[in-house]
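Summary of the model geometry
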Amino acid sequence: MIRFEMRTEDLLHSRFALSPLFELDCLLRALSGLPGRRPPAAWAARLDPVYGRLLAETPLKAVLALQSPVYGAGFTAPPPRRGLAQTIEDDLEQVRATPLELARREIAESLRHRRDVPESTAALLRDPGVVGLVAATLETAWRELLAPGWPQLRAICERDVVHRAGRLGQGGWEAALADLNARVRWRDRGVEILRTHGRETVAVGGRGLLLIPSVFLWPRVAAHTEDPWPYTLIYPARGVAALWEDTARPEPGALAGLLGRTRARVLLALEDPAGTTQLARALGIAPGAAGDHLTVLRRAGLLERARSGRRVLYRRTPLGDALARGAQDE
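Values in this document were obtained by computation on a predicted structure and should not be read as measured data. (Residues numbered from 1 in each chain as written. Predicted model: local features only at pLDDT ≥ 70, side-chain atom pairs only at ≥ 80, totals over all residues. Heavy atoms only, no water.)

**Concerning the overall build of the protein chain**
Filter applied, for reference: Per the convention used, a helix needs a DSSP run of H or I reaching at least four residues, while a strand needs a run of E reaching at least two, with both numbered from the N terminus. C-alpha atoms define the radius of gyration in this analysis, and the globule rule sets the expected value at 2.2 Å times the number of residues to the power 0.38. Each residue gets one of three labels from its accessible area relative to the maximum for its type: buried under 20%, exposed over 50%, partly exposed in between, using a 1.4 Å probe on protein chains only. It only takes one pair of heavy atoms within 4.5 Å for two residues to be counted as in contact. Accessible areas in this description were obtained via Shrake-Rupley with a 1.4 Å probe; residue shielding takes into account the shown protein chains only.
Each helix and strand counted, the protein chain has 15 helices and ten strands in total. The C-alpha atoms of the protein chain give 21 Å as radius of gyration, which agrees with the globular expectation for 330 residues (20 Å, within 12%). In the protein chain, which comprises 330 residues, the proportion classed as buried is 49%. In the protein chain, 69% of the contacts between residues at least 6 apart in sequence involve partners at least 24 apart. Entry remark: accessible area of the protein chain is about 15,700 Å², with carbon and sulfur atoms responsible for 51%.

In structure tokens, the structure reads:
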């Protein structure tokens with residue numbers, strides 16, 4: 001078990017963030033066969049050929065050599081510094097700024113856990129330009145593997161944060177963490193991660209806990225308790241289980257006949273409140289089209305809207321919930 005001891009100051013300073021390179025790291029580990037869940041069949045059918053081409057045409061094998069079931073070079077997925085505004089460009093800038101000596105120490109530790117690295121790959125990792133090589137390879141892997149689907153995946157993570165912010169406002173941090181994951185609980189002024197290797201108790205010390213929703217970590221959770229990361233808990237974003245089970249939503253069926261297929265998808269997608277842009281990204285439709293469908297559903301009494309800061313969020317009404325449950329039970 002890992003336990004984060006939290007003081008009042010820690011609750012005041014806890015915050016959410018996104019980590020694009022952590023998502024890429026999880027995806028690469030899964031595609032390479034390291035422990036982790038394989039991508040959904042639809043994703044794997046698209047990604048496997050691209051992954052194979054990258055292995056043949058880029059130094060990706062050198063990047064993969066920095067990962068093992070028990071250790072991963074930290075500089076390949078640095079901690080986010082801009083919270084929910086973090087972008088892949090921010091991440092790659094941090095990778096490129098890694099001091100060579102730090103990179104070499106982490107590379108040596110990685111290779112100590114990997115006895116199967118060919119000499120040609122090890123030679124690349126000994127090159128003085130290794131930091132730039134790793135950053136360029138990660139940028140290519142991101143562009144080829146993850147960039148096309150990132151707007152949808154980012155929207156899933158952002159909606160998770162909106163959900164937790166709502167629960168935080170209603171019942172405090174205990175409520176916000178209550179459904180984070182079956183292995184995570186709030187107990188005696190601390191956040192506990194159950195069923196981990198070994199036991200560790202960490203006094204957060206007033207710095208707060210960094211909370212990061214993830215897509216490709218599902219169904220696991222992860223934690224950072226050592227530099228350079230702040231104390232961090234990474235957890236599966238709400239709604240991602242359906243993506244990984246290849247059932248992003250049940251086929252609307254009769255509901256689609258009533259509302260039209262796209263409006264049925266919109267209604268089913270609003271299990272948690274979302275704004276027009278978030279919803280459009282999640283469903284892969286134009287924001288204008290999403291706005292039109294939301295307006296029709298609201299006029300029909302299936303949705304309601306409320307302002308949250310500068311944003312307008314839509315949520316299902318009880319009637320909308322009843323229709324959505326009926327479609328999911330078909």
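**Here's the deal with the sheet that holds strand β7 (residues 222–224)**
Note: strands within a sheet are paired through backbone hydrogen bonds, in either parallel or antiparallel orientation. Heads up, the condition is: One bridge is not enough; two strands pair if DSSP finds at least two bridges between them. All axes are obtained by fitting lines to C-alpha atoms, using only the stretch in contact for helices, and the reported angles, taken between N-to-C directions, cover 0 to 180 degrees.
Pairing is mixed across the open sheet formed by four strands, whose spatial order is β2-β6-β8-β7. The open sheet is flanked by β2 (15–16) and β7, the only strands paired with a single partner. In this structure, strand β6 (residues 210–214) lies alongside strand β8 (residues 232–236), joined through five bridges in parallel fashion. Note on β8: the bridge partner recorded for Pro213 is Tyr235. The sheet contacts of helix α9 (residues 150–177) involve β2, β6 and β8, and relative to β6 the element is tilted by about 135 degrees.

**Notes on the sheet that holds strand β3 (residues 184–186)**
Taking strand neighbours across the sheet as the criterion, the four strands line up as β3-β4-β1-β5 in an open arrangement whose pairing is mixed. This sheet does not close on itself; its edge strands, each paired only once, are β3 and β5 (200–203). The average undirected angle you get between the axes of adjacent strands in this sheet is 15 degrees. The pairing of β3 with strand β4 (residues 190–193) spans three bridges and is antiparallel. The residue bridging Arg185 from the neighbouring strand is Glu192, located in β4.

**Considering the state of the cysteines**
Cut-off, in case you're wondering: Counting rule for disulfides: a pair of cysteine sulfur atoms within 2.5 Å.
Summed over the entire model, instances satisfying the criterion amount to zero disulfides. Distance from the sulfur of Cys26, which forms no disulfide, to the nearest cysteine sulfur (Cys157) is 11 Å.

**Focus: the side chain of Arg3**
As a reminder, the rule being used: Identification of polar contacts relies on pairs of N or O atoms within 3.5 Å, with a donor-acceptor requirement for protein atoms, meaning one able to donate a hydrogen and the other able to accept it, and with residues adjacent in sequence counted only if both atoms are side-chain atoms.
On the secondary structure map, Arg3 appears in strand β1 (residues 2–5). Among the polar contacts made by the side chain of Arg3, one reaches the side chain of Glu192 at a distance of 2.8 Å. Arg3 has contacts with Arg187, Asp188, Arg189, Gly190, Val191, Glu192, Glu200, Thr201 and Val202, leaving out every residue within four places of it along the chain.

**Overview of helix α6 (residues 100–112)**
Test applied: Expected helix span is computed as 1.5 Å times (number of residues minus one).
For α6, spanning 13 residues, the distance from its first C-alpha to its last is 18 Å, which sits close to the expected 18 Å at 1.5 Å a residue. Each element contacted by the buried residues of α6 is listed here: α7 (119–126) and α8 (130–146).

**Re the confidence of the model for the protein chain**
Filter applied, for reference: Every residue carries a pLDDT, the predictor's confidence in it, which falls somewhere between 0 and 100.
Mean pLDDT over the protein chain: 86, with 92% of residues reaching 70 or higher. Element-level mean pLDDT values for the protein chain span from 68 in helix α10 (residues 240–244) up to 97 in helix α5 (residues 88–96). Counted against residues more than four places away or in other chains, residues 246–252, with its pLDDT under 50, gives 18 contacts.

**Observations regarding the packing of aromatic side chains**
Test applied: Aromatic contacts are taken between Phe, Tyr and Trp rings whose centres are within 6.5 Å, Trp giving its six-membered ring; a plane angle under 30 degrees counts as stacked, one over 60 as edge-to-face, and the others as tilted.
Taken as a whole, this structure holds three aromatic pairs when the rule is applied. Considering the side-chain rings of Phe16 and Trp173, the 6.2 Å spacing of their centres and the 25 degrees angle between planes classify their relative orientation as stacked. Of this pair, Phe16 sits in strand β2 while Trp173 sits in helix α9, placing them 157 residues apart in sequence. The burial state of Phe16 is the same as that of Trp173; both residues are buried.

**Description of the environment of Val184**
Here Val184 shows up in strand β3. A relative accessible area of 5% means that Val184 is categorised as buried. A C-alpha to C-alpha distance of 9.6 Å links Val184 and Arg195, two positions eleven residues apart in sequence. In this structure Val184 touches Val191, Glu192, Ile193, Val221 and Leu233, once residues within four positions along its chain are discounted.

**What about the packing of helix α2 (residues 20–32) against α8?**
What counts, and what does not: We call two directions roughly parallel when the angle between them is under 35 degrees, roughly antiparallel when it is over 145, roughly perpendicular when it lies between 65 and 115, and oblique otherwise. For this classification, Asp, Glu, Lys and Arg are treated as charged, while Ala, Val, Leu, Ile, Met, Phe, Trp, Tyr, Cys and Pro are nonpolar and the rest, including Gly, are polar.
Contact pair α2 / α8: the axes reach a minimum separation of 11 Å and the direction vectors enclose 75 degrees. Considering their axes alone, α2 and α8 lie roughly perpendicular with respect to each other. Facing α2, whose interface residues are Pro20, Leu21, Glu23, Leu24, Leu27, Leu28 and Leu31, α8 presents Leu138, Ala141, Trp142, Leu145 and Leu146. Class assignment of the residues belonging to the contact of α2 with α8 gives a composition of eleven nonpolar, no polar and one charged.

**Focus on the pattern of salt bridges**
This is how the line gets drawn: Should a side-chain nitrogen of Lys or Arg be within 4 Å of a carboxyl oxygen of Asp or Glu, the pair is scored as a salt bridge.
The tally for this structure, following the rule as stated, stands at 21 salt bridges. With a shortest N-O distance of 3.3 Å, Arg154 and Glu158 are connected by a salt bridge. You can see Arg154 and its partner Glu158 sitting in helix α9, four residues apart, about one turn around the helix. Look at Glu158 and you get buried, because its relative accessible area is 19%. Within the structure, one salt-bridge network assembled from shared partners comprises Arg3, Glu5, Arg185, Arg187, Asp188 and Glu192.

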